[in-house]
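If you want the building blocks of each chain, they are given just below.
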Amino acid sequence: MSKIRNIIFDIGNVLIDFDWDGHIKRICGDLSEEALYRINFAAWGNNRWDKFDLGIDAREVISEMLSYAPEYSKEMRALFANFGDCFIRRDSTIPWLQNLKSRGYKVYYLSNYSHIAIESNRECLDFLPLMDGGIFSCDVHVIKPNREIYALLAEKYNLVPDECVFIDDLERNVQGARDFGFAGIRCVSVKQVQEDLNKMLAE
């Protein structure tokens, strides 16, 4: 029987969909490829997006982003005014978590997530009451794959690392979990990760 007792989930692209690419096309679809590149660089370049997840005030972060593409400030403001549209609820999430809990497993979340994301679309986080606990990076000012955030979760809930498996869509975050002592699974699709997890739990 598996020694795994705790299953730890990332949120974006694991328990919900995060569709920034679709969002930017819906808001800015009439712009040129060069313009879309400029907007994406303003938002994501030089790890600026990480500042959201570190809990820095969203107004400050957005202001910095706008300074890198001031000619597209109208479009960028629209992107963040409708930011909740990036986050899409998955019908499969609650039944999945309920199934795992019915089998005796504890379920937790560990996510690089921002205050603006939480407030923009709380409906897609309707699974949170089912979970046994978790950490949003914005609340602790540390992001994955920094070792400290895995340690904070383990300490908060008295988790034994080799009794835990961590699931994330980004390999660097999965590797960070493995380096801490968790087992790790990269999520490519819902079907794939459920199959991989069930296989691990059956070992």
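Note that the structure is a prediction, hence the values are computed from the model and not measured.

Asker: What am I meant to see in the packing of aromatic side chains here?
Answerer: We describe a pair of aromatic rings using the distance from one ring centre to the other and the angle between the two ring planes. Summed over the entire model, instances satisfying the criterion amount to 22 aromatic pairs. Look at Phe-41 and Tyr-68: their rings are 6.4 Å apart centre to centre, the planes differ by 75°, and that puts the pair in the edge-to-face class. Of the two residues, Phe-41 is situated in helix H2 (residues 33–44) and Tyr-68 in the loop between helix H4 (58–67) and helix H5 (73–81); the sequence distance between them amounts to 27 residues. Through a chain of ring-to-ring contacts, three or more aromatic side chains come together here, namely Phe-18, Trp-20, Trp-44, Trp-49, Phe-52, Phe-80, Phe-83, Phe-87, Tyr-109, Tyr-113 and Phe-136. One residue, Arg-48, lies across the ring of Phe-41, its end atom 5.0 Å from the ring centre.

Asker: Any chance you could explain the environment of Arg-77 here in plain terms?
Answerer: One can find Arg-77 in helix H5. For the pair Arg-77 and Arg-89, spaced twelve residues apart in sequence, the C-alpha to C-alpha distance is 24 Å.

Asker: Can you help me understand unusual backbone geometry in this one?
Answerer: Apart from glycine, the bulk of residues carry a negative phi angle, and the bulk of peptide bonds sit in the trans form. With an omega of 5°, the peptide bond running from Lys-144 to Pro-145 counts as cis. Note on placement: Pro-145 falls in the loop between helix H8 (137–140) and helix H9 (147–157). One non-glycine residue with positive phi stands out, namely Asn-13, at about 65°. With respect to the helices and strands, the residue Asn-13 is situated in the loop between strand E1 (6–9) and strand E2 (16–18). A relative accessible area of 26% places Asn-13 in the partly exposed class. Although it is not a glycine, Asn-47 sits at a positive phi angle of roughly 60°. With respect to the helices and strands, Asn-47 occurs in the loop between H2 and helix H3 (48–53). The class for Asn-47 is exposed, based on a relative accessible area of 53%.

Asker: I tried to follow the sheet that holds strand E7 (residues 183–186) on my own but got confused; where do I start?
Answerer: Hydrogen bonding along the main chain pairs the strands of a sheet, whether they run parallel or antiparallel. Strand order across the open sheet formed by five strands is E5-E4-E1-E6-E7, with parallel pairing between neighbours. For this open sheet the edge positions go to strand E5 (134–136) and E7, each flanked by a neighbour on one side alone. The sheet shows a mean angle of 20° between the axes of neighbouring strands, direction not considered. Bridge analysis of strand E4 (residues 106–111) against E5 gives three bridges, and the strand direction is parallel. Considered in E5, the bridge of Leu-110 is made with Ile-135. Relative to the sheet, helix H10 (residues 171–180) contacts strand E6 (164–168) and E7, its axis offset from that of E7 by approximately 170°. Packing of helix H11 (residues 190–202) onto the sheet brings it into contact with E1, E6 and E7, and relative to E7 it is tilted by some 155°.

Calculation rules
Residues numbered from 1 in each chain as written. Predicted model: local features only at pLDDT ≥ 70, side-chain atom pairs only at ≥ 80, totals over all residues. Heavy atoms only, no water. Phe/Tyr/Trp six-rings, centres within 6.5 Å; stacked < 30°, edge-to-face > 60°. Helix = DSSP H or I, 4+ residues; strand = E, 2+ residues; numbered from the N terminus. Lys NZ or Arg CZ within 6 Å of the ring centre and 35° of its normal. Buried < 20%, exposed > 50% of the residue type's maximum accessible area, 1.4 Å probe, protein only. Pairing = 2+ DSSP bridges. Axes fitted to C-alpha atoms, helices over the stretch in contact; angles between N-to-C directions. Contact = heavy atoms within 4.5 Å.

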